[in-house]
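The primary structure of each chain is shown beneath.
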Amino acid sequence: MILIISRRDDGAVRRVVTALRRRGARLVGPDGDADVTTGVTTGVATDVSADGAGTPVLWWDTADFPGRSRITASFSGGERRLLLDTGDGTVDLSRVTAVWRSRPGAPSAAGTVTEPSHRAHVDR
């Protein structure tokens with residue numbers, strides 16, 4: 001899986017994702033095989049089928065963290081896993097084989113966080 005970390009309005013990333021899709025990659029999102037032009041940018045990666053149905057690409061903006069997404073670590077049986085919950089589903093980050101980071105957004109607090117000092121901490 002390829003993880004792209006970038007703002008949603010990054011036109012350069014949009015062009016790269018479009019090029020990857022022309023080469024058989026599939027953008028995974030809440031709608032499954034989403035069209036890059038629809039603005040769908042986060043989602044759940046599903047397993048690549050046995051017939052090699054393309055490399056999954058997850059486009060995630062760090063501005064969604066911690067307000068709309070979260071990362072959870074689990075340690076079990078001598079194994080550790082990092083899980084990214086995008087709000088649409090959970091992605092096991094151990095499946096990521098490549099990361100491209102290009103001008104991601106700044107983290108933002110959830111709308112339910114009303115305490116000014118907590119919001120300021122997220123902004124920092």
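Residues numbered from 1 in each chain as written. Predicted model: local features only at pLDDT ≥ 70, side-chain atom pairs only at ≥ 80, totals over all residues. Heavy atoms only, no water.

A.B. asks: Describe the overall build of the protein, naming the residues involved and giving the relevant values.
C.D. replies: Looking only at helices and strands, the protein features two helices and eight strands. Traced from its N-terminal end to its C-terminal end, the protein shows the element sequence β-α-β-β-β-β-β-β-β-α. A total of 124 residues make up the protein; the buried ones form 37% of that total. Long-range contacts, defined here as pairs at least 24 residues apart, represent 56% of the contacts in the protein between residues at least 6 apart. Carbon and sulfur atoms provide 52% of the accessible area of the protein, an area that totals close to 7,400 Å². (Helix = DSSP H or I, 4+ residues; strand = E, 2+ residues; numbered from the N terminus. Buried < 20%, exposed > 50% of the residue type's maximum accessible area, 1.4 Å probe, protein only. Contact = heavy atoms within 4.5 Å. Areas by Shrake-Rupley, 256 points an atom, 1.4 Å probe, with all protein chains shown as cover.)

A.B. asks: How would you sum up the nonpolar core? Please name residues and give values.
C.D. replies: Note that soluble globular proteins tend to have their nonpolar side chains buried in a common cluster. With nine residues, the main nonpolar core is built from M1, L3, I5, V28, L58, W60, L84, V91 and V96. Elements that contribute at least two residues to this core include exactly β1 (2-6) and β4 (56-60). (Core = buried A, V, L, I, M, F, W, Y, C linked by side-chain atoms within 4.5 Å.)

A.B. asks: For helix α1 (residues 11-22), give the residues involved together with the corresponding values.
C.D. replies: Its 12 residues place the ends of α1 17 Å apart at the C-alpha level, agreeing with the 16 Å of an ideal helix rising 1.5 Å per residue. Within the span of α1, buried status applies to V13, V17 and A19. Projected down its long axis, α1 shows its buried positions confined to an angular sector of 160°, all on one face. Exposed residues on α1 whose side chains face more than 90 degrees from its buried face are R15 and R22. Near the N-terminus of α1, the side chain that reaches the backbone nitrogen of A12, with its oxygen 3.0 Å away, is that of D10. Note on α1: the residue one or two positions beyond its end, G24, has a positive phi of about 105°. (Expected span 1.5 Å × (residues − 1). Arc of directions from axis to C-beta. Polar contact = N/O pair within 3.5 Å; in protein donor to acceptor, adjacent residues only side chain to side chain.)

A.B. asks: Requested: an account of a nonpolar patch on the surface, with residues and values cited.
C.D. replies: A contiguous nonpolar surface patch, about 240 Å² in accessible area, is contributed by F65, I71 and L82. Looking at the secondary structure, you find L82 in strand β6 (residues 79-85). (Patch = residues over 30% accessible without salt bridge, like charges linked within 9 Å, V, L, I, M, F, W, Y side chains within 5 Å. Salt bridge = Lys/Arg side-chain N within 4 Å of Asp/Glu carboxyl O.)

A.B. asks: Help me get a handle on the side chain of D85, residues and values and all.
C.D. replies: Along the polypeptide, D85 turns up in strand β6. Reaching out from D85, the side chain makes a polar contact with the backbone nitrogen of G87 at a distance of 2.9 Å.

A.B. asks: Describe the pattern of salt bridges, naming the residues involved and giving the relevant values.
C.D. replies: Following the criterion strictly, the structure yields four salt bridges and no others. Put simply, R70 and D85 hold a salt bridge, and the shortest N to O gap is 3.1 Å. Taken together, the residues R70 in strand β5 (residues 70-76) and D85 in strand β6 connect sequence positions 15 residues apart. Residue D85 is classed as buried on the basis of its relative accessible area, which comes to 17%. Here D92 makes a salt bridge to R81, at a shortest N to O gap of 3.3 Å. Residue D92 is found in strand β7 (residues 90-92), and its partner R81 is found in strand β6; the two are separated by 11 residues along the sequence.

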